[in-house]
Amino acid sequence: MIHIKENLCDFCGTCVAVCPADCIEVREASISIEDESCIDCDLCVEICPIEVLVGDNEN
Ligand code: SF4
Ligand code: SF4
């Protein structure tokens, strides 16, 4: 499961493009992740330029 520090996000959409499960949704000023579909690959965590996303392994 991915935790989102939404107050830091600039909604650039970069994470959406890399998600193999297509479970990240970014709108004008919101981001959400469908936990049931997430496969915990952490690609989004690695690609986010400002470390908005945190995987369970990094707590
Ligand atoms: S890559 Fe990071 S800053 Fe960009 S939309 Fe995703 S979480 Fe937000
Ligand atoms: S961990 Fe992988 S599957 Fe889950 S939201 Fe991030 S990119 Fe998508």
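Residues numbered from 1 in each chain as written. Chains lettered and ligands numbered in written order. Predicted model: local features only at pLDDT ≥ 70, side-chain atom pairs only at ≥ 80, totals over all residues. Heavy atoms only, no water.

A. Here's a closer look at the overall build of the chain. Counting secondary structure elements, the chain contains two helices and four strands. Seen in sequence order, the chain has helices and strands lined up from the N terminus as β-α-β-β-α-β. In summary, the chain has a C-alpha radius of gyration of 10 Å against a globular reference of 10 Å for 59 residues, a match within 12%. Here the chain holds 59 residues, and 29% of them are scored as buried. Restricting to contacts in the chain with at least 6 residues of sequence separation, those with at least 24 account for 53%. Surface accessibility of the chain: about 3,900 Å² in total, with carbon and sulfur atoms responsible for 47%. (Helix = DSSP H or I, 4+ residues; strand = E, 2+ residues; numbered from the N terminus. Rg over C-alpha atoms; globule rule 2.2 N^0.38 Å. Buried < 20%, exposed > 50% of the residue type's maximum accessible area, 1.4 Å probe, protein only. Contact = heavy atoms within 4.5 Å. Areas by Shrake-Rupley, 256 points an atom, 1.4 Å probe, with all protein chains shown as cover.)

B. Broad picture of the nonpolar core. Ranked by internal contacts, the top residues of the largest apolar core, which has 14 residues, are Ile2, Cys15, Ile24, Ile31, Ile33, Cys44 and Leu53. Elements represented by at least two residues in this core include exactly strand 3 (30-33) and helix 2 (43-47). Non-local contacts of Ile24, meaning those with residues more than four positions away in its chain, are made with Cys15, Val16, Cys19, Ile31, Ser32, Ile33 and Cys44. (Core = buried A, V, L, I, M, F, W, Y, C linked by side-chain atoms within 4.5 Å.)

C. Here's a closer look at the site of ligand 1. In the region of ligand 1, 14 residues are neighbours, and Cys9, Asp10, Cys12, Cys15 and Cys48 sit closest. Taken together, the residues of the shell around ligand 1 break down into eleven nonpolar, two polar and one charged. (Near = heavy atom within 4 Å. Nonpolar A, V, L, I, M, F, W, Y, C, P; charged D, E, K, R; others polar.)

D. Quick peek at the pairing of strand 3. Burial along strand 3 is one-sided: the face carrying Ile31 and Ile33 is buried and the face carrying Ser30 and Ser32 is not. Hairpin remark: strand 2 (residues 24-27) followed by strand 3, antiparallel, with two residues in the connecting loop. (Pairing = 2+ DSSP bridges.)

E. Spatial organisation of unusual backbone geometry. One non-glycine residue, Asp40, lies in positive phi territory at about 55 degrees. The residue Asp40 is located in the loop between strand 3 and helix 2 in this model. With phi around 55 degrees, Glu51 is a residue other than glycine that occupies positive phi space. On the basis of relative accessible area, Glu51 is assigned to the exposed category, the value being 58%.

F. Quick look at the pattern of salt bridges. Under the criterion given, the structure shown has one salt bridge. Glu25 serves as the salt-bridge partner of Arg27, at 3.4 Å between the closest nitrogen and oxygen. Arg27 sits in the exposed class, given a relative accessible area of 53%. (Salt bridge = Lys/Arg side-chain N within 4 Å of Asp/Glu carboxyl O.)

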